[in-house]
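Next come the chains, spelled out residue by residue.
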Amino acid sequence: AVVSTQSTGEKRGDLSSAVDYLEKFYNLTTEQEWQDKIGDNLHDIASLQLYRTYTCLAEELYEEAPSVSIDYLKKAFHMANEGGNRTEAGLASHRLGNIYEAVGDPEVATMYHKGYLDRCKRDKDKTGMGKAYEALARCQQSEGKLEEATENYKEFVKIAEEAGDKGVYSQACSSLANLYNMLGEYGEAVEYYKKAAESMETDDQERLELMNINQAIARTHHQLASYASTILCNTAKLTATLVEWKDYRDDGFIEASRPPTRAESCVSGSGTPATAEAATEDTTGCDDKK
């Protein structure tokens, strides 16, 4: 009777009434070995139904009372674990991580997201692992732990690629590109913006345009240092390289326009570039020409 009444209350949207009846059902079945017609333990059923109803209440109350919503999610997390459903327990942990992240507590959010990741790894749930890595990266990024965030975004990209889900892979690449862009690692940002655009669904033109714009901005920043060095050095060879580049504007300009280091200028006297890495090491040779 309790089960029947709570179901009616829940269907009517009266979640509070449903909780009252379910909690009575839960208490009645505690420490009992009662089973339903197909052999399922009634206490486990009560736990999982409470988990589901607590989750619904948390979603309803989030906007007006986030702290109450968190309390219900904690109860849902406990009930999912007690009911023995690992998948639901993992999702409950993920929801708690998300809400703590939303209210500005990334440290606690990280704890729940790590719990979700551990469960997904045990269950070999690739989709869940991707969500967990993405959530962890967001939290770490907000805490300024950018190296850890980068590694977790890379894991997200890797799992999404293995799963063959183009939409999720595009999202993962875009997130990693955004972080690289923020770090000033524009070459990597260009690479992942390009991957994000290439793997997008063709009907999402608005997002495709955004990816292409972001890629163009990152590419411009990537070329800016070499462009500025060429202007400042003002040698005939580098100026010719710049003029030639303006006809086709590809990434080769970054290497071709690199000014010589002091060591290269002294040894060869030609200013011929040797390595791309040396571009930012020393431009004193340019100073000598001014």
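This text follows the structure it describes.
In this report, we go over the structure that sits alongside the text. Only a predicted model underlies this, so the values are computations on that prediction, with no experimental measurement involved. (Residues numbered from 1 in each chain as written. Predicted model: local features only at pLDDT ≥ 70, side-chain atom pairs only at ≥ 80, totals over all residues. Heavy atoms only, no water.)

### A word on the packing of aromatic side chains
Applying the stated criterion to the full structure yields four aromatic pairs. Seen in terms of ring centroids, Tyr54 and Tyr72 are 5.8 Å apart; in terms of plane orientation they differ by 35°. Their pairing is tilted. With a gap of 18 residues between them, Tyr54 in helix H3 (residues 42-61) and Tyr72 in helix H4 (residues 66-82) connect regions that are remote in the sequence. Geometrically, the ring pair formed by Phe77 and Tyr112 is edge-to-face, given 5.9 Å between the ring centres and 90° between the ring planes. Of this pair, Phe77 sits in helix H4 while Tyr112 sits in helix H6 (residues 106-123), and the two are 35 residues apart along the sequence. Each member of the aromatic cluster is reached from another via a ring pair, and the members are Phe77, Tyr100 and Tyr112. (Phe/Tyr/Trp six-rings, centres within 6.5 Å; stacked < 30°, edge-to-face > 60°. Helix = DSSP H or I, 4+ residues; strand = E, 2+ residues; numbered from the N terminus.)

### A short note on the packing of helix H10 (residues 186-198) against helix H11 (residues 205-233)
The contact between H10 and H11 brings their axes to 8 Å, and the two run at 160°. Overall, the two elements H10 and H11 adopt an arrangement that is roughly antiparallel. Between H10 and H11 lies a crossing whose hand is left-handed. Of the residues in H11, those touching H10 at Tyr186, Gly187, Ala189, Val190, Tyr193, Lys194, Ala196 and Ala197 are Leu208, Met211, Asn212, Asn214, Gln215, Ala218, Arg219, His221 and His222. (Axes fitted to C-alpha atoms, helices over the stretch in contact; angles between N-to-C directions. Parallel < 35°, antiparallel > 145°, perpendicular 65-115°, else oblique. Left-handed = near helix turned anticlockwise from the far one by under 90°. Contact = heavy atoms within 4.5 Å.)

### Points about the pattern of salt bridges
In the structure shown here, the tally under the stated rule is six salt bridges. Put simply, Arg86 and Asp123 hold a salt bridge, and the shortest N to O gap is 2.6 Å. Placement of Arg86 in helix H5 (residues 86-102) and of Asp123 in helix H6 is noted, with a sequence separation of 37 residues between them. Judged by its relative accessible area of 48%, Arg86 is partly exposed. Note on Asp123: relative accessible area 30%, which makes it partly exposed. For the salt bridge of Glu143 with Lys145, the shortest nitrogen-to-oxygen distance reads 3.9 Å. For Glu143, a relative accessible area of 31% gives the class partly exposed. What makes Lys145 partly exposed here is its relative accessible area of 37%. (Salt bridge = Lys/Arg side-chain N within 4 Å of Asp/Glu carboxyl O. Buried < 20%, exposed > 50% of the residue type's maximum accessible area, 1.4 Å probe, protein only.)

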